[in-house]
Amino acid sequence: TRSDRDWSSDVCSSDLAIDVQKTVTGFRKTEFTDGMLRLNDRPIQLGGYAQRTTNEWPALGNAVPAWLSDFSNKLMVDGNAKLVRWMHTCPKKQDIESCDRVGLIQAMPAGNKEYSGTTGRQWEMRTELMRDSIIYNRNNPSVIFIESGNSGINDTLMQQMKDIRDQWDPYG
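These lines cover the structure that appears in this document, whether it is placed above or below. (Residues numbered from 1 in each chain as written. Predicted model: local features only at pLDDT ≥ 70, side-chain atom pairs only at ≥ 80, totals over all residues. Heavy atoms only, no water.)

### Some points on the sheet that holds strand S4 (residues 48-51)
Line of reasoning, step 1. Pairing is parallel in the open sheet, where four strands are placed in the order S4-S5-S6-S7. At either end of the open sheet lies a strand with only one pairing partner, and these are S4 and strand S7 (143-147). Sheet twist, expressed as the average angle between the axes of neighbouring strands with direction ignored, equals 20°.
Line of reasoning, step 2. One ladder, built from four bridges, connects S4 with strand S5 (residues 83-86); its direction is parallel. Bridge pairing in S5 places tyrosine 49 opposite valine 84.
Line of reasoning, step 3. Contacting S5, strand S6 (105-109) and S7, helix H3 (residues 93-102) crosses the sheet at an angle of about 160° to S6. (Pairing = 2+ DSSP bridges. Helix = DSSP H or I, 4+ residues; strand = E, 2+ residues; numbered from the N terminus. Axes fitted to C-alpha atoms, helices over the stretch in contact; angles between N-to-C directions. Contact = heavy atoms within 4.5 Å.)

Below is the structure:
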């Protein structure tokens, strides 16, 4: 019998790993100066695609598996894209994380329409969506731009959007 043996010392002193979780960590530094975007201290020229936020495929619609999102977003990278600008609203988390994996920078809109004169409850909903999109995606390294709208907005409304950004992702 092994009742006299200290089993915890066997487990702690073992050189064999039983459960392993490998985590790759990377850091990015972005800077907007002199009319240029610098990524990790190197200027980067942006070109890419304006993709529908649903990122759908024929016969599947937007119910695509994660591997197909990776395939689709990697096609943009293979086509020399450095950026994808999603249309009108925040894409699904699957595509956000896919862009992280394939190295595709994202411009993430936080809900808008083609009309710049949004007021009242419509504007409140846009600010709420901006807040929620920032909170949900602020730790994804591929999200570098958060867009306030397709059309220009006045200085007061833009300041509201900047205040939301500064509150929920001040170092993003």
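There is more to say after this.
### Observations regarding the environment of serine 148
Line of reasoning, step 1. If you trace the backbone, serine 148 turns up in the loop between S7 and helix H5 (155-168).
Line of reasoning, step 2. Among the residues examined, serine 148 registers a relative accessible area of 11% and is labelled buried.
Line of reasoning, step 3. In this structure the C-alpha to C-alpha distance between serine 148 and methionine 158, which are 10 residues apart in sequence, comes to 7.4 Å.
Line of reasoning, step 4. Non-local contacts of serine 148, meaning those with residues more than four positions away in its chain, are made with Asn112, Arg126, Met130, Ile153, Met158 and Met161. (Buried < 20%, exposed > 50% of the residue type's maximum accessible area, 1.4 Å probe, protein only.)

### A word on the pattern of salt bridges
Line of reasoning, step 1. Throughout the structure, instances matching the rule amount to 10 salt bridges.
Line of reasoning, step 2. Between lysine 29 and aspartate 41 there is a salt bridge, with the nearest N and O atoms lying 2.7 Å from each other. Placement of the pair is lysine 29 in the loop between helix H1 (7-13) and strand S1 (30-33) and aspartate 41 in the loop between strand S2 (36-39) and strand S3 (42-44), with a sequence separation of 12 residues.
Line of reasoning, step 3. Between arginine 101 and aspartate 70 there is a salt bridge, with its nearest N and O atoms 2.8 Å apart. Pair noted here: arginine 101 is in helix H3 and aspartate 70 is in helix H2 (residues 66-78), with a separation of 31 residues, a long-range link.
Line of reasoning, step 4. Overall, the relative accessible area of 49% leaves arginine 101 in the partly exposed class.
Line of reasoning, step 5. A cluster of three or more residues bridged by salt bridges with shared partners is formed by Arg121, Glu124 and Glu128. (Salt bridge = Lys/Arg side-chain N within 4 Å of Asp/Glu carboxyl O.)

### Looking at a nonpolar patch on the surface
Line of reasoning, step 1. A contiguous nonpolar surface patch, about 360 Å² in accessible area, is contributed by Trp67, Phe71 and Leu75.
Line of reasoning, step 2. With respect to the element layout, phenylalanine 71 can be found in helix H2. (Patch = residues over 30% accessible without salt bridge, like charges linked within 9 Å, V, L, I, M, F, W, Y side chains within 5 Å. Areas by Shrake-Rupley, 256 points an atom, 1.4 Å probe, with all protein chains shown as cover.)

### A short note on the sheet that holds S3
Think of a sheet as strands paired side by side through backbone hydrogen bonds, with each pair either parallel or antiparallel.
Line of reasoning, step 1. Pairing is antiparallel across the open sheet formed by three strands, whose spatial order is S1-S2-S3. The open sheet is flanked by S1 and S3, the only strands paired with a single partner. Pairs of neighbouring strands in the sheet enclose a mean axial angle of 40°, with direction left out of account.
Line of reasoning, step 2. As paired elements, S2 and S3 share three bridges and run antiparallel to each other. Looking at the pairing, leucine 37 lines up with isoleucine 44 of S3.

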